[in-house]
Amino acid sequence: MTTLWDTTGSAVVKELATQRRTGGAVLSGVALTLVVVADEGRVAEAEEAATVAAEQHPCRILVVVRRQIEAPVPRLDAEVSIGGRLGPGEAVVMRMYGRLALHAESVVLPLLAADAPVVTWWHTEPPRQLTTDALAVIADRRITDSAASADQIAALRTRAQDYAPGDTDLTWTRATGWRATLTSALDSVSGRRGDAVRVLGARIEGDPGAGTAQLLSGWIAARTGIASEVVQATRHPGPSGIDSVLLTLDQDEEVRVHTDRRGGAVISQPYRPDATMALPDRPLGDLLGEELRRLDSDEPYAEALEAATGLTGLVGRAPVRAHVWVDPAEQTGAPFAEDDVGRNSPHGEAPTVPLDSEGADEVAEHGEHDTPDPTAPEAEPEAAR
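So, here's what we can say about the structure. Values in this document were obtained by computation on a predicted structure and should not be read as measured data.

## Side note on helix H10 (residues 299–309)
Thought 1: Restricting attention to buried positions, one finds in H10 the residues Tyr301, Ala302, Ala304, Leu305, Glu306 and Thr309.
Thought 2: Against helix H5 (152–161), strand S8 (167–169), helix H6 (170–173) and helix H8 (211–224) lie the buried residues of H10.
Thought 3: Phi for Gly310, located one or two positions after H10, is positive at around 85°.

## A short note on the sheet that holds strand S12 (residues 253–259)
Backbone-to-backbone hydrogen bonds pair the strands of a sheet. The strands run either parallel or antiparallel.
Thought 1: Strand order in the open sheet formed by 6 strands is S10-S9-S11-S12-S13-S14, and the pairing between neighbours is mixed. The open sheet terminates on both sides in strands that have one partner only, identified here as strand S10 (228–232) and strand S14 (275–278). The mean angle between the axes of side-by-side strands here comes to 20°, regardless of whether they run parallel or antiparallel.
Thought 2: The pairing of strand S11 (residues 242–249) with S12 spans 6 bridges and is antiparallel. Within S12, the position partnered with Val245 by the bridge is Val257.

## A word on the nonpolar core
Thought 1: Ranked by internal contacts, the top residues of the largest apolar core, which has 33 residues, are Leu182, Leu216, Ile220, Val245, Leu247 and Leu305.
Thought 2: Here this core spans two domains, since at least three of its residues come from each of domain 1 (2–169 + 284–316) and domain 2 (173–278).
Thought 3: With residues up to four places along the chain from it excluded, the contact list for Ile220 reads Leu182, Ala202, Ile204, Gly225, Ile226, Ser228, Val245 and Leu247.
Thought 4: Core analysis: the next-biggest nonpolar cluster, separate from the first, contains 28 residues, Val35, Ala78, Val108 and Leu111 among them.

What counts, and where the lines are drawn
Residues numbered from 1 in each chain as written. Predicted model: local features only at pLDDT ≥ 70, side-chain atom pairs only at ≥ 80, totals over all residues. Heavy atoms only, no water. Buried < 20%, exposed > 50% of the residue type's maximum accessible area, 1.4 Å probe, protein only. Helix = DSSP H or I, 4+ residues; strand = E, 2+ residues; numbered from the N terminus. Contact = heavy atoms within 4.5 Å. Pairing = 2+ DSSP bridges. Axes fitted to C-alpha atoms, helices over the stretch in contact; angles between N-to-C directions. Core = buried A, V, L, I, M, F, W, Y, C linked by side-chain atoms within 4.5 Å. Domains from an automatic or database assignment.

Structure below.
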(Lines give C-alpha, C1' and ligand atoms only; values in the text may rest on other atoms or scores of the structure.)
Protein backbone atom coordinates (compact mmCIF):
# COMPACT_ATOMS: atom_id res chain seq x y z
CA MET A 1 0.00 0.00 0.00
CA THR A 2 1.18 3.49 -0.87
CA THR A 3 -0.08 6.54 1.01
CA LEU A 4 -0.22 9.83 -0.85
CA TRP A 5 -0.56 12.89 1.35
CA ASP A 6 -1.97 16.16 0.04
CA THR A 7 -2.11 14.72 -3.44
CA THR A 8 -4.17 15.11 -6.61
CA GLY A 9 -6.45 12.85 -8.60
CA SER A 10 -3.86 12.61 -11.38
CA ALA A 11 -1.24 11.40 -8.93
CA VAL A 12 -3.61 8.72 -7.67
CA VAL A 13 -4.23 7.50 -11.23
CA LYS A 14 -0.47 7.37 -11.91
CA GLU A 15 0.23 5.52 -8.66
CA LEU A 16 -2.47 2.97 -9.43
CA ALA A 17 -0.97 2.39 -12.90
CA THR A 18 2.52 2.07 -11.40
CA GLN A 19 1.44 -0.53 -8.88
CA ARG A 20 -0.41 -2.41 -11.60
CA ARG A 21 2.78 -2.63 -13.68
CA THR A 22 5.07 -3.60 -10.83
CA GLY A 23 2.71 -5.65 -8.69
CA GLY A 24 3.35 -8.97 -10.43
CA ALA A 25 0.48 -11.44 -10.62
CA VAL A 26 -2.50 -9.30 -9.75
CA LEU A 27 -6.09 -9.25 -10.87
CA SER A 28 -6.17 -8.46 -14.59
CA GLY A 29 -9.91 -7.90 -14.97
CA VAL A 30 -12.74 -6.70 -12.78
CA ALA A 31 -16.48 -7.26 -12.95
CA LEU A 32 -17.39 -3.80 -11.69
CA THR A 33 -16.30 -0.72 -9.76
CA LEU A 34 -17.60 -0.49 -6.21
CA VAL A 35 -17.74 3.08 -4.91
CA VAL A 36 -18.16 3.18 -1.14
CA VAL A 37 -19.24 6.38 0.60
CA ALA A 38 -18.56 6.19 4.34
CA ASP A 39 -18.13 8.40 7.37
CA GLU A 40 -14.71 8.38 9.03
CA GLY A 41 -16.01 6.48 12.04
CA ARG A 42 -17.34 3.65 9.84
CA VAL A 43 -14.51 3.35 7.32
CA ALA A 44 -13.05 0.18 8.87
CA GLU A 45 -16.44 -1.53 8.83
CA ALA A 46 -17.04 -0.48 5.24
CA GLU A 47 -13.61 -1.68 4.14
CA GLU A 48 -14.15 -5.06 5.76
CA ALA A 49 -17.54 -5.51 4.06
CA ALA A 50 -16.21 -4.37 0.69
CA THR A 51 -13.30 -6.81 0.97
CA VAL A 52 -15.67 -9.72 1.59
CA ALA A 53 -17.84 -8.67 -1.36
CA ALA A 54 -14.76 -8.31 -3.59
CA GLU A 55 -13.82 -11.93 -2.90
CA GLN A 56 -17.17 -12.94 -4.41
CA HIS A 57 -17.18 -10.36 -7.22
CA PRO A 58 -13.79 -9.13 -8.45
CA CYS A 59 -14.03 -5.37 -8.42
CA ARG A 60 -12.10 -2.16 -8.02
CA ILE A 61 -12.92 -0.62 -4.65
CA LEU A 62 -13.01 3.17 -4.33
CA VAL A 63 -13.72 4.37 -0.79
CA VAL A 64 -14.77 8.02 -0.51
CA VAL A 65 -14.52 9.66 2.92
CA ARG A 66 -15.78 13.23 3.02
CA ARG A 67 -13.59 14.01 5.98
CA GLN A 68 -14.19 17.69 6.74
CA ILE A 69 -15.91 19.77 4.11
CA GLU A 70 -15.67 22.94 6.16
CA ALA A 71 -11.87 22.91 5.91
CA PRO A 72 -10.80 26.19 4.23
CA VAL A 73 -8.17 24.48 2.03
CA PRO A 74 -9.14 21.58 -0.26
CA ARG A 75 -7.03 18.51 0.22
CA LEU A 76 -6.91 14.87 -0.85
CA ASP A 77 -5.17 12.06 1.04
CA ALA A 78 -5.23 8.65 -0.64
CA GLU A 79 -4.19 5.09 0.09
CA VAL A 80 -3.54 3.01 -3.05
CA SER A 81 -3.13 -0.75 -2.93
CA ILE A 82 -3.28 -3.80 -5.19
CA GLY A 83 -3.59 -7.22 -3.60
CA GLY A 84 -3.35 -5.73 -0.12
CA ARG A 85 -5.57 -5.66 2.94
CA LEU A 86 -8.62 -4.71 0.86
CA GLY A 87 -8.67 -7.93 -1.10
CA PRO A 88 -6.95 -9.31 -4.19
CA GLY A 89 -7.95 -6.46 -6.49
CA GLU A 90 -7.30 -2.77 -6.75
CA ALA A 91 -8.43 -0.42 -4.01
CA VAL A 92 -8.16 3.30 -3.30
CA VAL A 93 -9.22 4.96 -0.05
CA MET A 94 -9.66 8.72 -0.49
CA ARG A 95 -10.12 11.20 2.32
CA MET A 96 -11.32 14.54 1.04
CA TYR A 97 -11.23 17.88 2.80
CA GLY A 98 -12.79 21.21 2.02
CA ARG A 99 -14.79 21.95 -1.11
CA LEU A 100 -13.18 18.98 -2.85
CA ALA A 101 -15.50 16.71 -0.87
CA LEU A 102 -18.46 18.32 -2.67
CA HIS A 103 -16.91 17.32 -6.01
CA ALA A 104 -15.82 13.79 -5.16
CA GLU A 105 -16.80 12.62 -8.63
CA SER A 106 -13.96 14.69 -10.12
CA VAL A 107 -11.51 12.32 -8.43
CA VAL A 108 -13.60 9.16 -8.75
CA LEU A 109 -14.43 9.33 -12.47
CA PRO A 110 -10.84 8.84 -13.74
CA LEU A 111 -10.47 5.85 -11.42
CA LEU A 112 -13.48 3.88 -12.69
CA ALA A 113 -12.64 0.55 -14.30
CA ALA A 114 -13.01 0.78 -18.08
CA ASP A 115 -16.17 -0.75 -19.58
CA ALA A 116 -17.34 -2.04 -16.20
CA PRO A 117 -20.58 -1.27 -14.36
CA VAL A 118 -20.49 1.07 -11.38
CA VAL A 119 -22.17 0.35 -8.05
CA THR A 120 -22.33 3.01 -5.34
CA TRP A 121 -22.94 1.99 -1.74
CA TRP A 122 -23.58 4.47 1.08
CA HIS A 123 -22.37 3.12 4.41
CA THR A 124 -23.85 6.20 5.98
CA GLU A 125 -27.17 7.97 5.79
CA PRO A 126 -27.62 8.83 2.10
CA PRO A 127 -28.95 12.13 0.78
CA ARG A 128 -32.71 12.49 0.64
CA GLN A 129 -32.48 12.87 -3.14
CA LEU A 130 -29.77 10.72 -4.70
CA THR A 131 -29.69 13.03 -7.73
CA THR A 132 -27.89 15.59 -5.58
CA ASP A 133 -24.91 13.23 -5.24
CA ALA A 134 -23.01 12.77 -8.49
CA LEU A 135 -21.69 9.45 -7.19
CA ALA A 136 -25.27 8.18 -7.45
CA VAL A 137 -25.82 9.56 -10.93
CA ILE A 138 -22.77 7.80 -12.40
CA ALA A 139 -23.78 4.46 -10.86
CA ASP A 140 -25.67 1.67 -12.61
CA ARG A 141 -26.86 0.42 -9.22
CA ARG A 142 -27.27 2.27 -5.92
CA ILE A 143 -27.27 0.59 -2.51
CA THR A 144 -28.49 2.32 0.63
CA ASP A 145 -29.33 1.06 4.11
CA SER A 146 -32.39 2.45 5.86
CA ALA A 147 -31.27 0.72 9.06
CA ALA A 148 -28.68 3.51 9.39
CA SER A 149 -31.50 5.98 10.06
CA ALA A 150 -33.00 6.61 13.49
CA ASP A 151 -36.48 6.39 11.94
CA GLN A 152 -36.40 3.46 9.54
CA ILE A 153 -40.03 3.83 8.49
CA ALA A 154 -39.47 7.45 7.45
CA ALA A 155 -36.28 6.38 5.67
CA LEU A 156 -38.21 3.78 3.66
CA ARG A 157 -40.74 6.38 2.61
CA THR A 158 -37.92 8.71 1.57
CA ARG A 159 -36.38 5.95 -0.52
CA ALA A 160 -39.77 5.28 -2.13
CA GLN A 161 -40.29 8.95 -2.99
CA ASP A 162 -36.83 9.13 -4.53
CA TYR A 163 -36.84 5.63 -6.05
CA ALA A 164 -35.50 4.90 -9.53
CA PRO A 165 -34.92 1.45 -11.08
CA GLY A 166 -31.46 0.35 -9.97
CA ASP A 167 -31.96 1.43 -6.35
CA THR A 168 -31.95 -1.14 -3.57
CA ASP A 169 -31.67 -1.23 0.21
CA LEU A 170 -29.80 -3.56 2.55
CA THR A 171 -32.89 -3.67 4.78
CA TRP A 172 -34.47 -5.56 1.87
CA THR A 173 -31.45 -7.85 1.58
CA ARG A 174 -31.76 -8.82 5.24
CA ALA A 175 -35.18 -10.31 4.40
CA THR A 176 -33.79 -12.73 1.79
CA GLY A 177 -33.54 -15.64 4.21
CA TRP A 178 -37.07 -15.10 5.46
CA ARG A 179 -38.46 -14.90 1.93
CA ALA A 180 -36.67 -18.11 0.91
CA THR A 181 -37.84 -19.96 4.03
CA LEU A 182 -41.48 -18.89 3.61
CA THR A 183 -41.45 -19.83 -0.07
CA SER A 184 -39.97 -23.24 0.76
CA ALA A 185 -42.64 -23.85 3.41
CA LEU A 186 -45.48 -23.03 1.02
CA ASP A 187 -43.92 -25.24 -1.65
CA SER A 188 -43.92 -28.08 0.88
CA VAL A 189 -47.63 -27.60 1.61
CA SER A 190 -48.39 -27.39 -2.09
CA GLY A 191 -46.45 -30.59 -2.75
CA ARG A 192 -48.36 -32.44 -0.04
CA ARG A 193 -51.69 -31.29 -1.40
CA GLY A 194 -50.82 -31.68 -5.04
CA ASP A 195 -52.48 -28.34 -5.66
CA ALA A 196 -51.78 -24.62 -5.32
CA VAL A 197 -51.89 -22.94 -1.92
CA ARG A 198 -53.85 -19.77 -1.26
CA VAL A 199 -52.71 -17.36 1.48
CA LEU A 200 -55.62 -15.76 3.30
CA GLY A 201 -53.77 -13.77 5.95
CA ALA A 202 -50.33 -12.99 7.34
CA ARG A 203 -48.92 -11.65 10.58
CA ILE A 204 -45.33 -10.73 11.34
CA GLU A 205 -44.15 -10.58 14.94
CA GLY A 206 -41.13 -8.44 15.54
CA ASP A 207 -40.25 -4.76 15.70
CA PRO A 208 -42.86 -2.63 13.87
CA GLY A 209 -40.24 0.09 13.47
CA ALA A 210 -37.78 -2.19 11.64
CA GLY A 211 -37.45 -1.57 7.93
CA THR A 212 -36.81 -5.24 7.17
CA ALA A 213 -40.03 -6.32 8.89
CA GLN A 214 -42.01 -3.70 6.96
CA LEU A 215 -40.47 -4.70 3.62
CA LEU A 216 -41.18 -8.38 4.32
CA SER A 217 -44.78 -7.40 5.06
CA GLY A 218 -44.87 -5.45 1.81
CA TRP A 219 -43.44 -8.40 -0.12
CA ILE A 220 -46.13 -10.72 1.25
CA ALA A 221 -48.82 -8.21 0.35
CA ALA A 222 -47.40 -7.72 -3.17
CA ARG A 223 -47.22 -11.46 -3.81
CA THR A 224 -50.50 -12.58 -2.27
CA GLY A 225 -52.70 -9.51 -2.50
CA ILE A 226 -53.43 -9.92 1.21
CA ALA A 227 -52.57 -7.11 3.62
CA SER A 228 -50.28 -8.25 6.41
CA GLU A 229 -49.49 -6.59 9.71
CA VAL A 230 -46.37 -6.22 11.81
CA VAL A 231 -47.02 -6.55 15.55
CA GLN A 232 -44.69 -6.22 18.51
CA ALA A 233 -43.13 -9.55 19.43
CA THR A 234 -43.03 -10.83 22.99
CA ARG A 235 -39.38 -11.72 22.51
CA HIS A 236 -36.68 -9.30 21.45
CA PRO A 237 -36.19 -9.77 17.68
CA GLY A 238 -32.76 -10.13 16.10
CA PRO A 239 -31.00 -7.60 13.86
CA SER A 240 -33.60 -8.09 11.13
CA GLY A 241 -36.40 -7.00 13.48
CA ILE A 242 -38.37 -10.20 12.73
CA ASP A 243 -39.10 -12.91 15.29
CA SER A 244 -41.79 -15.00 13.57
CA VAL A 245 -44.18 -15.06 10.60
CA LEU A 246 -47.61 -16.70 10.61
CA LEU A 247 -49.38 -17.42 7.32
CA THR A 248 -53.06 -18.38 7.35
CA LEU A 249 -53.89 -20.68 4.42
CA ASP A 250 -57.01 -22.01 2.84
CA GLN A 251 -58.39 -25.36 4.06
CA ASP A 252 -58.02 -24.10 7.67
CA GLU A 253 -54.26 -24.56 7.73
CA GLU A 254 -51.45 -22.41 9.08
CA VAL A 255 -47.73 -22.19 8.51
CA ARG A 256 -45.54 -20.60 11.17
CA VAL A 257 -41.84 -19.78 10.92
CA HIS A 258 -40.02 -18.53 14.02
CA THR A 259 -36.40 -18.12 14.98
CA ASP A 260 -34.80 -20.59 17.36
CA ARG A 261 -32.13 -18.11 18.58
CA ARG A 262 -29.40 -20.48 17.40
CA GLY A 263 -29.03 -19.25 13.85
CA GLY A 264 -31.98 -21.24 12.55
CA ALA A 265 -35.72 -21.10 12.00
CA VAL A 266 -38.36 -23.63 13.04
CA ILE A 267 -41.08 -24.31 10.46
CA SER A 268 -44.42 -25.57 11.75
CA GLN A 269 -47.01 -26.82 9.26
CA PRO A 270 -49.97 -29.24 9.29
CA TYR A 271 -49.40 -33.00 9.06
CA ARG A 272 -45.63 -32.63 9.20
CA PRO A 273 -43.19 -32.63 12.11
CA ASP A 274 -41.46 -29.33 12.86
CA ALA A 275 -38.43 -28.74 10.68
CA THR A 276 -35.41 -26.54 11.25
CA MET A 277 -33.67 -24.54 8.54
CA ALA A 278 -30.62 -22.30 8.71
CA LEU A 279 -31.53 -18.63 9.10
CA PRO A 280 -28.45 -16.88 10.48
CA ASP A 281 -27.89 -13.17 10.95
CA ARG A 282 -25.72 -12.41 7.96
CA PRO A 283 -22.68 -10.13 8.17
CA LEU A 284 -22.56 -6.90 6.22
CA GLY A 285 -20.13 -8.27 3.64
CA ASP A 286 -22.49 -11.10 2.69
CA LEU A 287 -25.38 -8.66 2.30
CA LEU A 288 -23.31 -6.43 0.04
CA GLY A 289 -22.06 -9.41 -1.94
CA GLU A 290 -25.63 -10.52 -2.60
CA GLU A 291 -26.58 -7.13 -4.00
CA LEU A 292 -23.58 -7.19 -6.35
CA ARG A 293 -24.89 -10.34 -8.03
CA ARG A 294 -27.35 -8.38 -10.12
CA LEU A 295 -27.03 -5.04 -11.85
CA ASP A 296 -30.52 -4.74 -13.29
CA SER A 297 -33.64 -3.35 -11.67
CA ASP A 298 -34.82 -5.20 -8.55
CA GLU A 299 -38.55 -5.24 -9.28
CA PRO A 300 -39.55 -7.39 -6.26
CA TYR A 301 -37.92 -4.77 -4.02
CA ALA A 302 -39.80 -1.98 -5.79
CA GLU A 303 -43.10 -3.85 -5.38
CA ALA A 304 -42.43 -4.53 -1.70
CA LEU A 305 -41.47 -0.87 -1.17
CA GLU A 306 -44.70 0.22 -2.85
CA ALA A 307 -46.79 -2.00 -0.60
CA ALA A 308 -44.88 -1.02 2.55
CA THR A 309 -45.11 2.75 1.97
CA GLY A 310 -48.37 3.06 0.04
CA LEU A 311 -46.69 4.83 -2.88
CA THR A 312 -47.32 3.53 -6.39
CA GLY A 313 -45.71 3.68 -9.82
CA LEU A 314 -42.17 2.91 -8.67
CA VAL A 315 -41.49 0.18 -11.23
CA GLY A 316 -42.46 2.41 -14.15
CA ARG A 317 -40.10 5.25 -13.30
CA ALA A 318 -37.19 6.19 -15.56
CA PRO A 319 -33.93 4.46 -14.60
CA VAL A 320 -31.74 7.40 -15.64
CA ARG A 321 -30.98 10.10 -13.09
CA ALA A 322 -29.88 13.64 -13.93
CA HIS A 323 -27.47 15.30 -11.54
CA VAL A 324 -28.81 18.26 -9.58
CA TRP A 325 -26.02 20.37 -8.13
CA VAL A 326 -26.74 21.55 -4.60
CA ASP A 327 -24.30 23.69 -2.66
CA PRO A 328 -24.74 23.11 1.07
CA ALA A 329 -23.16 26.49 1.72
CA GLU A 330 -25.23 29.66 1.66
CA GLN A 331 -26.51 30.10 -1.88
CA THR A 332 -26.09 33.86 -1.55
CA GLY A 333 -22.36 33.31 -1.65
CA ALA A 334 -21.77 33.82 2.06
CA PRO A 335 -18.81 31.97 3.58
CA PHE A 336 -19.42 28.37 4.45
CA ALA A 337 -20.44 27.68 8.02
CA GLU A 338 -21.10 24.38 9.72
CA ASP A 339 -24.56 25.52 10.82
CA ASP A 340 -25.46 26.15 7.18
CA VAL A 341 -24.92 22.54 6.10
CA GLY A 342 -28.07 21.31 4.40
CA ARG A 343 -30.11 24.46 5.19
CA ASN A 344 -30.62 25.25 1.51
CA SER A 345 -30.34 21.69 0.28
CA PRO A 346 -33.41 19.86 -0.99
CA HIS A 347 -32.02 16.60 0.30
CA GLY A 348 -31.85 17.99 3.83
CA GLU A 349 -28.28 17.22 4.71
CA ALA A 350 -24.77 17.23 3.31
CA PRO A 351 -21.51 15.57 4.33
CA THR A 352 -20.31 16.89 7.67
CA VAL A 353 -17.36 16.37 9.93
CA PRO A 354 -17.78 13.31 12.17
CA LEU A 355 -18.26 14.18 15.83
CA ASP A 356 -15.24 12.11 16.85
CA SER A 357 -12.92 14.20 14.70
CA GLU A 358 -14.03 17.74 15.48
CA GLY A 359 -11.16 19.86 16.63
CA ALA A 360 -8.68 17.10 15.82
CA ASP A 361 -7.62 18.09 12.32
CA GLU A 362 -5.04 20.79 11.75
CA VAL A 363 -6.08 21.31 8.14
CA ALA A 364 -9.70 21.96 9.06
CA GLU A 365 -8.80 24.22 11.96
CA HIS A 366 -6.08 26.36 10.40
CA GLY A 367 -6.27 25.77 6.65
CA GLU A 368 -2.58 24.78 6.53
CA HIS A 369 -1.22 21.64 4.92
CA ASP A 370 2.10 21.64 6.73
CA THR A 371 3.80 23.63 9.46
CA PRO A 372 5.89 26.27 7.68
CA ASP A 373 9.65 26.01 8.07
CA PRO A 374 10.96 29.27 9.59
CA THR A 375 14.37 28.69 7.95
CA ALA A 376 12.92 28.26 4.46
CA PRO A 377 13.26 31.19 2.03
CA GLU A 378 10.16 33.28 1.52
CA ALA A 379 8.09 32.30 -1.52
CA GLU A 380 7.95 34.66 -4.48
CA PRO A 381 4.77 36.62 -4.99
CA GLU A 382 2.35 35.21 -7.56
CA ALA A 383 2.85 38.18 -9.87
CA ALA A 384 6.65 37.69 -9.93
CA ARG A 385 6.23 34.08 -11.11
